[in-house]
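Here are the chains, one letter per residue:
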Amino acid sequence: MTVMPRPSILAVEPYVGGESRIPGVNRIVKLSSNEGAFGPPPGAVEAIRAMATEAHRYPDGGAKALREAIGAAHGLDPARIVCGNGSDELIALLIMAYGGEGTELVMSAYGFQMYELTGLWAGCRVIKVPERELTADVDAMLAAVGPRTKLVFLTNPNNPTGTLLPQGEVERLRAGLRDDILLALDSAYAEYVTAPGYDAGAKVVDASDNTVMLRTFSKIYGLGGMRLGWAYASPTIVAVLGRVRGPFNVNAAAAAAGIAALAEPGWIGKNVAHNSEWRAKLSAALEAVGLPVRPSETNFVLVDFGSAERAGAADAHLRARGLIVRAMGGYGLPRYLRVTIGNAEECEMVIEALTGFARG
Ligand SMILES: *Cc1c(COP(=O)(O)O)cnc(C)c1O
């Protein structure tokens, strides 16, 4: 006999992040985790440095200055914002607070993997609903809801498919769910969206008291290593998160970096312009050599190689050139590779490598 965790823990396979090393290859271009094309904002780097000499001080447990900066940047009430150690932490807190043994969590088949992993270890039954054209299917999701369903998660635009569910469909999803079901709208890629009519979730949050919007500094703000995310929700949900989160869950350097990142002049505009330009160029170049690319509203594209074998061969071809992208077998999409939009040089390298692959 030895110590044993709760049985549901043993059902979980640990999350595997994007790789960052290839044995024997010196120069690596990491395009596997959607980390933003330009690194961290210069002002954030400065803020992290400045915080080093204050490292002995506990952070403000309420992250007040950070919440005020987020509220000002997004036109939201800071009292309804909760910050977390990455949005991953907030996902876990929501699932543990509202889900657990005897409950069900509903997500779309190719939604973000962390919902499934966290749902399983929390003891939820996780229901993955088939999609249509690699896009969440609202009718199918509503049909999957049962009396035990407590949580519905939607990534919009979605990772790893890049697809967007129109605002009307998001509203229809909320309207079709019982009031005692929490809907989490994960908008990790919101800033990259150029489709008209998109709302990252605040509208639906404001129109109900059972919806949460999740956001992150890990993508367009280039601060994945700092671990900083936030939620916008009703006062009741905010109060619940306040009970279950650790008192110092956002560290001082992360909070300072977040405030500085929001203040970085022109950062979002520059990133969005670059992303839209190179997403289009990369997509067109790959389509031109017979590799279909899903229309994406994010900072990555999902490339279709037609079969798992060919996707594997393309992955090997890229890796031999130091290019690391994300294999999709673990997501149930083995014939695809997900490629992050890097800087111009990195995109050119992907185009050159995959053009050679497709022609070779
Ligand atoms: C990257 C990502 C996250 C994780 O964000 P962190 O703030 O780094 O924890 C959450 N949701 C989706 C859909 C993501 O792609």
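Throughout this description, residue numbers start from 1 for each chain and increase along the sequence as written. This being a predicted model, a pLDDT of at least 70 is required before a residue's local features are given, and a value of 80 or more before pairs of side-chain atoms are given or counted; all residues contribute to the totals for chains, interfaces and linings. Side-chain metrics in this entry use all non-hydrogen atoms of the structure; hydrogen atoms and water are not considered.

Taking an unreviewed UniProt entry as the reference, the chain is identified by name as Histidinol-phosphate aminotransferase belonging to Roseomonas mucosa. Heading Catalytic activity (unreviewed entry) of the UniProt record for the chain holds this comment: "L-histidinol phosphate + 2-oxoglutarate = 3-(imidazol-4-yl)-2-oxopropyl phosphate + L-glutamate". In its Sequence similarities (unreviewed entry) section, UniProt records this for the chain: "Belongs to the class-II pyridoxal-phosphate-dependent aminotransferase family. Histidinol-phosphate aminotransferase subfamily." UniProt positions are given in the numbering used here, feature names are shortened, and annotations may be inferred rather than shown by experiment.

Mapped onto the present numbering, the UniProt feature "domain: Aminotransferase class I/classII large" (unreviewed entry) falls at residues 28-354. Segments assigned H or I by DSSP are reported as helices when at least four residues long, segments assigned E as strands when at least two residues long, and all are numbered from the N terminus. Taken end to end, residues 28-354 comprises 41% helix and 16% strand; its first and last C-alpha atoms sit 16 Å apart.

Here the focus is the side chain of Ser87. Structurally, Ser87 can be placed in helix H3 (residues 86-98). Setting aside residues no more than four positions away along its own chain, Ser87 makes contact with Arg215, Thr216 and Gly229. The contact criterion used throughout is that any non-hydrogen atoms of two residues lie within 4.5 Å.

Okay, the domain arrangement of the chain next. Domain delimitation follows an automatic or database domain assignment. The domains assigned to the chain are domain 1 (14-29 + 265-357) and domain 2 (40-261). In this structure, domain 1 and domain 2 have C-alpha centres spaced 25 Å apart. Residue-level contacts link 24 residues of domain 1 with 27 residues of domain 2. Throughout, buried area stands for the accessible area (probe radius 1.4 Å) lost by two parts on being put together, summed over both. For the domain 1 and domain 2 pair, buried surface summed over both sides reaches about 2,200 Å², with 64% attributable to carbon and sulfur atoms. Broken down residue by residue, the surface that domain 1 buries against domain 2 is led by Trp267, Glu297 and Tyr331, which jointly contribute 32%. By definition here, a salt bridge exists when the distance from a side-chain nitrogen of Lys or Arg to a carboxyl oxygen of Asp or Glu is within 4 Å. There are zero salt bridges connecting domain 1 and domain 2. Of all the elements in the fold, those that place two or more residues in the side of domain 1 that touches domain 2 are helix H10 (267-288), strand S9 (300-304) and strand S12 (336-340).

In this section: the packing of aromatic side chains. Any two aromatic rings considered together are summarised by their centre-to-centre distance and by the angle between their planes. Put simply, two rings from Phe, Tyr or Trp (the six-membered ring, in Trp's case) pair if the centres are within 6.5 Å, and we call them stacked under 30 degrees between planes, edge-to-face over 60, tilted for the rest. Per the counting criterion, the structure on display carries six aromatic pairs. Seen from their ring centres, Phe217 and Tyr221 are 5.1 Å apart, and the 40° between their planes marks the pair as tilted. Side by side, Phe217 and Tyr221 carry an identical accessibility label, which is buried. On the numbers, 6.1 Å between centres and 75° between planes, the contact of Phe305 with Phe357 is edge-to-face. Partly exposed describes any residue whose relative accessible area lies between the buried limit of under 20% and the exposed limit of over 50%, with all areas from a 1.4 Å probe on protein chains only and scaled to the type maximum.

With an omega of -5°, the peptide bond running from Asn156 to Pro157 counts as cis. The residue Pro157 is located in the loop between strand S5 (149-155) and helix H6 (167-176) in this model. Residue Ala63 is not a glycine yet carries a positive backbone phi of 45°. Considering the arrangement of structural elements, one finds Ala63 in the loop between helix H1 (42-51) and helix H2 (64-74). Judged by relative accessible area, which is 12%, Ala63 ranks as buried. Despite not being glycine, Leu134 has its phi angle at roughly 55°, a positive value. Relative to the elements of secondary structure, Leu134 occurs in the loop between strand S4 (125-129) and helix H5 (138-144). For Leu134, a relative accessible area of 11% translates into the label buried.

This part is about the UniProt feature "modified residue: N6-(pyridoxal phosphate)lysine" (unreviewed entry) in the chain. Look at the UniProt record and you will see "modified residue: N6-(pyridoxal phosphate)lysine" (unreviewed entry) annotated at Lys219. Secondary-structure assignment places Lys219 in the loop between strand S7 (211-216) and strand S8 (229-233). Classification of Lys219 by relative accessible area gives buried; the value is 13%. Excluding residues within four positions of it along the chain, Lys219 makes contact with Ser33, Asn34, Glu35, Gly36, Ala188, Tyr189 and Tyr192.

On to the sheet that holds S5. Strand order in the open sheet formed by seven strands is S2-S8-S7-S6-S5-S3-S4, and the pairing between neighbours is mixed. Edge positions in the sheet fall to strand S2 (81-84) and S4, since each of these pairs with one other strand and no more. Strand-to-strand, the axes of this sheet are offset by a mean angle of 20°, without reference to chain direction. Sheet topology note: the strand S6 (residues 182-186)/S7 ladder contains four bridges and is parallel. Residue pairing across strands places Leu183 opposite Thr211, the latter belonging to S7. The sheet contacts of helix H8 (residues 235-244) involve S2, S6, S7 and S8, and relative to S8 the element is tilted by about 140°. In this scheme, strands are said to pair when DSSP sees at least two bridges between them. Between the N-to-C directions of two axes lies an angle of 0 to 180 degrees, each axis being a line fitted to C-alpha atoms and, for a helix, fitted only over the stretch in contact.

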